[in-house]
Amino acid sequence: MTFSSDNLIGGARVPGSGTPWRAVEAATGASLEPAFASATVGQAEHACALAADAFDAYRATPPSARAALLEAIADAILELGDELVTRCMAETGLPRPRIEGERGRTVGQLRMFAAVVRSGAFLGARIDTAQPERTPLPRPDLRLCRIAVGPVLVFGASNFPLAFSVAGGDTASALAAGCPVIVKAHPAHPGTSALVGDAVRRAVTACGLPDGVFALLFEEGIAIGQHLAADPRVAAIGFTGSRRAGTALMRIAAARPIPIPVFAEMSSINPVILMPAALAARGAEIGRAFVASLTLGAGQFCTSPGLVLGVESPGLAAFEAAAADTLSGVAAAAMLTPGIHRAYREGVAALESNPAVARVAQGQPGTAQQGRPILFATTGAAFRADHRLAEEVFGAASLVVRCRDAAELRTVLEGLEGQLTASLHLDETDHAAARGLVPLLDRKVGRILVNGFGTGVEVGHAMVHGGPFPATSDGRTTSVGSLGIDRFLRPVCYQDVPEALLPAALTDANPWRLPRSVDGAAPGA
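Bear in mind that the values here come from a model prediction, so they are computed numbers and not experimental data. (Residues numbered from 1 in each chain as written. Predicted model: local features only at pLDDT ≥ 70, side-chain atom pairs only at ≥ 80, totals over all residues. Heavy atoms only, no water.)

## Focus on empty space enclosed by the protein
Put simply, the test is: Here a cavity denotes grid points, spaced 1 Å and computed from the protein atoms alone, that fit a 1.4 Å probe unable to get out, and a pocket denotes an open set having protein on both sides within 12 Å along at least 5 of 7 lines; residues with an atom within 4 Å of a point are the lining. Grid points are joined across faces, edges and corners, and a volume is the space filled by probe spheres set on the points. Under the scheme used here, helices are H or I runs from DSSP no shorter than 4 residues and strands are E runs no shorter than 2 residues, and both carry numbers assigned from the N terminus. Residue polarity follows a fixed list, in which Ala, Val, Leu, Ile, Met, Phe, Trp, Tyr, Cys and Pro are nonpolar, Asp, Glu, Lys and Arg are charged, and the others, Gly among them, are polar.
Taken as a whole, this structure holds seven cavities of 30 Å³ or more when the rule is applied. Taken as a whole, the largest cavity spans an internal volume of roughly 160 Å³. As for the largest cavity, its lining consists of 19 residues, and the residues nearest its centre are Ile 269, Gly 306, Glu 392, Val 393 and Ala 397. Among the elements that take part in the lining of the largest cavity, strand 18 (residues 397-403) stands out by supplying three residues, more than any other. Among the residues forming the lining of the largest cavity, the class breakdown is ten nonpolar, seven polar and two charged. Around the second largest cavity sit 14 residues that line it, and Phe 263, Ala 264, Thr 472, Thr 477 and Ser 479 are the ones nearest its centre. Top element by residues in the lining of the second largest cavity is strand 11 (residues 262-265). It accounts for three residues.

## Description of the side chain of Asn 354
Our working rule: Note on classification: 1.4 Å probe, protein chains only; a residue is buried when its accessible area is under 20% of the maximum for its type, exposed when over 50%, partly exposed between these limits. Throughout, a contact is declared for two residues whenever any of their heavy atoms are within 4.5 Å.
Tracing the chain through its elements places Asn 354 in the loop between helix 11 (338-352) and strand 15 (358-362). Looking at Asn 354, the relative accessible area reads 11%, which means it is buried. Excluding its chain neighbours within four sequence positions, the residues that come into contact with Asn 354 are Asp 386, Arg 388 and Leu 389.

## Here's the deal with the nonpolar core
Basically, it comes down to this: Grouping buried Ala, Val, Leu, Ile, Met, Phe, Trp, Tyr and Cys residues that are joined through side-chain atoms within 4.5 Å yields what is termed a nonpolar core. Segmentation into domains, and thus their bounds, comes from an automatic or database assignment.
One finds Leu 69, Ile 73, Ile 77, Ile 273, Phe 290, Phe 319 and Leu 413 to be the most contacted residues of the largest nonpolar core, which totals 124 residues. Top element by residues in this core is helix 4 (residues 96-119). It accounts for eight residues. The residue makeup of this core includes at least three contributed by each of domain 1 (7-122 + 150-266 + 475-488) and domain 2 (271-450). In terms of nonpolar packing, the next biggest core, distinct from the first, is built from 23 residues, Ala 39, Cys 48, Ala 229 and Phe 239 among them.

## Regarding the packing of helix 1 (residues 41-59) against helix 7 (residues 223-230)
For any two helices packed against each other, one specifies the inter-axial angle together with the distance between the axes. Selection criterion: A fitted line through C-alpha atoms represents every axis, and for helices the fit uses only the stretch in contact; the resulting angles, taken between N-to-C directions, go from 0 to 180 degrees. Here a crossing is called left-handed whenever its near helix is offset anticlockwise from the far helix by less than a right angle, and right-handed whenever the offset is clockwise.
Between helix 1 and helix 7, the shortest axis-to-axis distance is 10 Å and the interhelical angle comes to 35°. For the crossing formed where helix 1 meets helix 7, the hand is right-handed. Here Val 41, Ala 44, Glu 45 and Cys 48 of helix 1 lie close against helix 7, whose contacting residues are Ile 224, His 227 and Leu 228. Here the contact of helix 1 with helix 7 is built from residues that sort into five nonpolar, one polar and one charged.

Following this line, the structure appears as structure tokens:
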């Protein structure tokens with residue numbers, strides 16, 4: 001299949017304009033064909049207008065129709081075959097197994113949301129029947145369900161070219177909720193985005209849905225993305241990327257005459273807490289496992305373990321020694337983009353130049369396009385005195401904080417910003433001490449792990465990929481798992497509304513056979 005470099009608007013391929021630009025092969029820095037041209041302001045506005053026009057018709061579709069669309073998208077992505085995999089490998093530098101795994105995750109979460117939609121529970125339908133004879137005041141007929149918020153703007157992520165991009169979790173959950181989606185493709189992998197975008201377009205057409213349900217726009221810079229974020233027809237934004245870009249979108253959204261929510265996943269260093277008994281029993285084993293997590297995907301995961309906390313002890317020394325020995329044999333790896341590689345070098349250089357920081361070990365040197373993994377250490381006092389040591393270095397770099405005692409370790413944790421994950425490594429005799437840390441951690445993070453690392457996010461019904469700011473812009477939500485649909489729904493109550501005017505989800509006939517609570521009784525009770 002030969003893909004087009006055109007924007008996808010209204011079910012049609014629409015050429016962009018301006019100076020042509022090309023994707024860069026991550027491993028070599030060479031340019032890749034074809035050339036892309038950015039969408040115009042007029043094209044962005046046209047995409048928003050079509051999405052707004054399609055909204056009411058699309059949100060009124062039965063759950064079965066939306067589920068069929070999600071499954072059709074999944075099938076269409078698989079039909080792209082190896083062309084998608086090879087193009088994605090070239091644009092990201094990620095190895096085949098990672099891309100094939102991510103494709104499986106992308107298809108899996110589309111099908112998961114199809115099942116969520118078919119179940120109907122996501123609508124939260126509930127009915128309080130009228131009680132006209134109630135005294136002193138009668139009760140009206142009250143019916144509630146959740147409806148889609150409107151067109152959603154999704155920004156493709158650099159580090160997950162499939163699972164967090166054109167047909168990724170934000171798009172899947174928004175489409176499941178009944179929201180048309182406008183995707184702003186990430187400029188680092190436009191070919192991958194074009195292939196997946198055309199798969200989505202073909203699925204929308206095959207399912208007989210309005211063309212405005214999906215649009216894909218290309219841009220090398222940020223102006224069109226900012227214009228889309230400010231468009232009054234956009235009702236919500238999904239974003240995965242840097243804190244700087246995420247907070248810029250938050251400012252644009254907040255400054256609108258009618259502000260809208262931005263669901264941005266941004267910055268996290270994912271502390272790893274090493275408890276004393278676990279360190280004493282298996283510090284070296286934990287150190288080796290830590291390096292495997294740190295260097296996975298060249299450290300370019302939002303859940304990469306960027307901070308390690310432990311009390312100074314022989315066990316912590318064993319952890320560091322094993323981590324250093326393992327890390328020294330790890331090869332440098334291609335990073336996703338020149339910009340990410342440059343930021344990684346700058347972050348490492350800042351740690352290298354800090355007099356309170358010591359290098360513990362680093363991996364093998366690489367080419368100009370590759371990131372060399374590295375591990376640093378500092379003291380608890382130095383970490384608390386310098387807020388820069390808590391800043392994320394996106395890539396395979398981490399900092400060990402050697403605390404004097406358990407009290408200082410707790411103080412370090414209390415000073416941290418919001419995080420996506422926190423990992424506790426412990427043995428049974430550590431439970432009492434860990435019990436005092438859990439209430440602190442669950443105020444700080446979206447996911448607590450025991451004897452594991454945050455890298456590797458299971459797509460399921462109980463997963464939370466979120467956390468307090470700056471991990472995300474709204475710690476009440478998740479961007480991974482079935483609860484991601486909640487971001488793009490809002491409740492509406494219909495009081496004494498005639499049957500003929502009610503949404504299908506709330507009519508007495510219940511044509512969609514939805515689970516509904518009646519007078520507070522659970523569905524099916």
